[in-house]
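# A closer look at the structure
So the chains spell out like this:
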Amino acid sequence: MVRFFDASMLQMATCRECGGEFVAHAYDPTRGYVCGVCHMPARAGKTRRAAEAAASAAIATA
Ligand SMILES: [Zn+2]
């Protein structure tokens, strides 16, 4: 993981919705970045519980 940062392949992007910092690919736009948690389909709900579940899933698959 650290090697990728050193190579500038990855960077931190701040989510414009929740303000959280997430690892984003260097080629992804960081302005107006929205994390996977905030970018869920509306029908998935915006509840804190749903967000935490999605965050856990994201970490598990990272
Ligand atoms: Zn977010």
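Here is what the cut-offs are and how they apply
- Residues numbered from 1 in each chain as written.
- Predicted model: local features only at pLDDT ≥ 70, side-chain atom pairs only at ≥ 80, totals over all residues.
- Pairing = 2+ DSSP bridges.
- Helix = DSSP H or I, 4+ residues; strand = E, 2+ residues; numbered from the N terminus.
- Buried ≥ 20, exposed ≤ 12 C-beta atoms within 10 Å, placed from the backbone.
- Contact = placed C-beta atoms within 7 Å.

## A word on the pairing of strand β2 (residues 21-25)
For strand β1 (residues 10-14) and β2, the ladder comprises five bridges, and the chain directions are antiparallel. In the strand pairing of β2, Q11 is matched with A24. Connecting β1 to the next strand, β2, in antiparallel fashion are six residues, including G19 with a positive phi near 80°.

## Remarks on the environment of G32
By the element assignment, G32 lies in the loop between β2 and α2 (48-61). For G32, a count of 9 C-beta atoms within 10 Å gives the class exposed. Considered as a pair, G32 and A13 are 19 residues apart in the sequence and their alpha carbons are 9.1 Å apart.

## Here's the deal with the environment of G36
Among the secondary structure elements, G36 is positioned in the loop between β2 and α2. A residue is classified by how many C-beta atoms lie within 10 Å of it, and G36, with 14 of them, is partly exposed. When the C-alpha atoms of G36 and A51 are compared, they prove to be 9.2 Å apart, with 15 residues separating the residues in sequence. When near neighbours in sequence (up to four residues on either side) are disregarded, G36 contacts A54 and A58.

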